[in-house]
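Below are the chains, spelled out letter by letter.
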Amino acid sequence: MTTWSFSGSNGPEFWHLVVDTNGEPYSTCKYSQTQSPIDIPAASLATTNLTNVDFQYQTTDVKSTNLGYSIYGFNIQTDPNSQNQTATNQIVVNGTASELEQIHLHTPSEHRIDGKLFDGSMHFVHKDANGVYTFVAVLLQVGERNSNIATLIEHLPDSVLLENVPTFNFDITTLLPIESERATYRYTGSFTVPPCTENVKWIIMQTPLELSQDQLEVFQTLFDGNTRPTQPINDRIIQADNTPSI
Ligand SMILES: [Zn+2]
């Protein structure tokens with residue numbers, strides 16, 4: 001098999017049987033010990049005062065991309081070719097800066113907290129100068145309408161476009177929980193899609209962001225169920241903040 005999906009005979013249980021363009025099977029997905037997502041056993045974790053994540057996100061030119069009914073269906077990319085592109089979007093964790101590459105969505109969420117699956121999650125993909133990835137997950141939960149997510153939806157092309165996607169100015173910080181609610185869980189895991197590459201530093205925001213049922217349904221029409229089941233924690237250590245990130 002050369003293609004994978006989220007269900008059926010090439011679904012997550014069978015990703016190790018699918019081969020990449022070089023004919024190599026995605027073995028890591030099944031046989032490695034530090035895969036993602038996981039079910040975070042929050043209630044049984046000892047909390048510590050972790051070094052804050054410094055979110056250096058800016059108002060910047062982005063594109064809301066309609067990928068159709070594919071892996072993610074939707075993502076947000078900064079536009080490095082834009083003439084207005086002066087800002088760098090990055091996080092700094094323990095002195096290491098990682099640049100934001102793109103943001104994509106999953107419905108429902110991939111990570112669980114104490115068994116609870118959320119309505120969705122946004123994954124903020126960052127890479128540092130050594131090529132090490134840090135993924136920040138913001139969980140989504142149906143509640144109040146979210147005006148910032150409304151802006152992303154407004155700029156989403158109706159049809160699948162990979163080029164000439166309109167750019168617009170957007171404050172990426174508005175997709176995070178407010179500053180006093182940025183406590184996190186952290187652990188080391190993997191990409192949640194093939195090739196399931198490991199040594200990804202995961203930072204899960206403890207406080208979910210709310211969006212309306214209508215807004216969730218917009219994303220669900222682009223894709224629904226792009227969610228890998230949770231993977232064994234094995235002997236990994238999961239850290240939990242006892243303080244908000246301020
Ligand atoms: Zn993801």
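Look up a bit, the structure's there.
Here the structure is a predicted model, which is why all the values come from computation and not from measurement. In this numbering scheme, every chain counts its residues from 1 along its sequence in written order. With pLDDT at 70 or above as the cut-off, local features in this predicted model cover only qualifying residues; side-chain atom pairs require 80 or more to be listed or tallied, and sums for whole chains, interfaces and linings still use all residues. Computation of side-chain values covers all heavy atoms of the structure but excludes hydrogens and water.

Asker: Help me out: how do you make sense of the overall build of the protein in this one?
Answerer: The number of helices and strands found in the protein is 3 helices and 16 strands. Seen through its C-alpha atoms, the protein measures out along the principal axes to roughly 45 × 45 × 40 Å. Of all 246 residues assigned to the protein, the portion counted as buried reaches 49%. For the protein, restricting intrachain contacts to residue pairs at least 6 apart in sequence, the fraction spanning at least 24 positions comes to 69%. In the form shown here, the protein has an accessible surface area of approximately 11500 Å², with 46% of it arising from carbon and sulfur atoms. Asp and Glu are treated as the negative residues and Lys and Arg as the positive ones, with His and the ends of the chain left uncounted. For charged residues, the charge sits on one atom: NZ in Lys, CZ in Arg, CG in Asp, CD in Glu. Distance between charge centroids for the protein: 6 Å, based on 11 positive and 27 negative side chains. In this description a helix means any DSSP run of H or I spanning at least four residues, a strand means any run of E spanning at least two, and both kinds are numbered starting from the N terminus. We call a residue buried when its accessible area falls under 20% of the maximum for its residue type, exposed when it is over 50%, and partly exposed in between, using a 1.4 Å probe and counting protein chains only. Residue contacts are defined here by distance: any two heavy atoms, one from each residue, within 4.5 Å place the two residues in contact. Accessibility throughout is a Shrake-Rupley quantity obtained with a 1.4 Å probe, and a residue counts as covered only by protein chains that appear here.

Asker: Would you explain the pattern of salt bridges in this entry?
Answerer: Opposite charge on two side chains permits pairing when their charged atoms draw close. For salt bridges, the criterion is a side-chain nitrogen of Lys or Arg within 4 Å of an Asp or Glu carboxyl oxygen. Overall, the coordinates contain 2 salt bridges when judged by the stated rule. Lysine 127 serves as the salt-bridge partner of glutamate 101, at 3.8 Å between the closest nitrogen and oxygen. One end of the pair, glutamate 101, is in strand 7 (residues 96-106); the other, lysine 127, is in strand 10 (residues 120-128), and 26 residues separate them in sequence. Using a relative accessible area of 34% as the deciding quantity, one classes glutamate 101 as partly exposed.

Asker: Is there a simple way to explain the coordination of the zinc ion in this structure?
Answerer: Ideal values for angles at a metal depend on the geometry: 109.5 degrees with four tetrahedral donors, 90 or 180 degrees with six octahedral donors. A 2.8 Å cut-off from the metal defines N, O and S donors, relaxed to 3.2 Å for Na, K and Ca; water is not in the atom list, so some sites may appear incomplete. The coordination sphere of the zinc ion, as far as protein atoms go, consists of His104 (NE2), His106 (NE2) and His123 (ND1), spread over 2.0 to 2.1 Å. Read in sequence order, the donor residues for the zinc ion give the motif H-x1-H-x16-H. Linking histidine 106 in strand 7 with histidine 123 in strand 10, this pair joins segments that are 17 residues apart in sequence. Given a relative accessible area of 0%, histidine 106 falls into the buried group. We classify histidine 123 as buried; its relative accessible area is 1%.

Asker: Where do I start with the packing of aromatic side chains in this structure?
Answerer: Ring pairs are drawn from Phe, Tyr and Trp, using the six-membered ring of Trp, whenever the two centres fall within 6.5 Å, and their geometry is named by plane angle: stacked under 30 degrees, edge-to-face over 60, tilted for the rest. Counted by the stated rule, this structure contains 10 aromatic pairs. Ring centres 5.9 Å apart and planes at 5° place the aromatic pair tyrosine 57 and phenylalanine 124 in the stacked group. Pair noted here: tyrosine 57 is in the loop between strand 3 (54-56) and strand 4 (59-66) and phenylalanine 124 is in strand 10, with a separation of 67 residues, a long-range link. Here tyrosine 57 and phenylalanine 124 have matching classes, each one buried. When the centroid spacing of 6.1 Å and the interplanar angle of 75° are considered together, the rings of phenylalanine 168 and phenylalanine 170 count as edge-to-face. The pair phenylalanine 168 / phenylalanine 170 is uniform in exposure class, with both members buried. For a Lys NZ or an Arg CZ to count as sitting over a ring, it must be within 6 Å of the ring centre and within 35 degrees of the ring normal. Over the face of the ring belonging to phenylalanine 118 we find lysine 116, whose NZ or CZ atom lies 4.8 Å from the ring centre.

Asker: Whenever I open this one, the nonpolar core confuses me. Can you help?
Answerer: If you look at soluble globular proteins, the nonpolar side chains tend to sit buried side by side. Grouping buried Ala, Val, Leu, Ile, Met, Phe, Trp, Tyr and Cys residues that are joined through side-chain atoms within 4.5 Å yields what is termed a nonpolar core. Counting residues in each nonpolar core, the largest one holds 33 residues, and the members touching the most others are Phe74, Met122, Phe124 and Leu175. Ranked by size, the runner-up nonpolar core spans 19 residues in total, among them Phe135, Leu139, Val200 and Trp202.

Asker: Hey, could you run me through the sheet that holds strand 1 (residues 39-40) in this one?
Answerer: One key point about sheets: their strands pair by backbone hydrogen bonds, in either a parallel or an antiparallel sense. For two strands to count as paired, DSSP must find a minimum of two bridges between them. Spatial strand order, 1-8-9: 3 strands in an open sheet with mixed pairing. Only two strands of the sheet have a single neighbouring strand rather than two, namely strand 1 and strand 9 (116-117). Direction of pairing for strand 8 (residues 112-113) relative to strand 9: antiparallel, over a ladder of 2 bridges. Along strand 9, the bridge assignment pairs arginine 112 with leucine 117.

Asker: How do you make sense of the pairing of strand 14 (residues 198-205) when you look at a structure like this?
Answerer: Looking at chain direction, strand 11 (residues 133-142) and strand 14 are connected through 4 bridges and run parallel. Pairing of phenylalanine 135 across the sheet is with tryptophan 202, part of strand 14. When strand 13 (residues 184-190) meets strand 14, the two strands line up antiparallel, connected through 7 bridges. Opposite serine 190, over in strand 14, you have glutamate 198 as the bridge partner.

Asker: Just checking my understanding: could you explain unusual backbone geometry for this structure?
Answerer: Across residues other than glycine, the phi torsion is negative in most instances, and most of the peptide bonds are trans. In this model, serine 36 is joined to proline 37 through a cis peptide bond whose omega is 0°. In this structure, the amide linkage connecting threonine 107 to the following residue, proline 108, adopts the cis form with an omega of -10°. You can see proline 108 is positioned in the loop between strand 7 and strand 8. Positive phi outside glycine occurs at asparagine 94, with the angle close to 50°. Looking at the element boundaries, asparagine 94 is found in the loop between strand 6 (90-93) and strand 7. Relative accessible area serves as the criterion here: at 57%, asparagine 94 is assigned to the exposed category.

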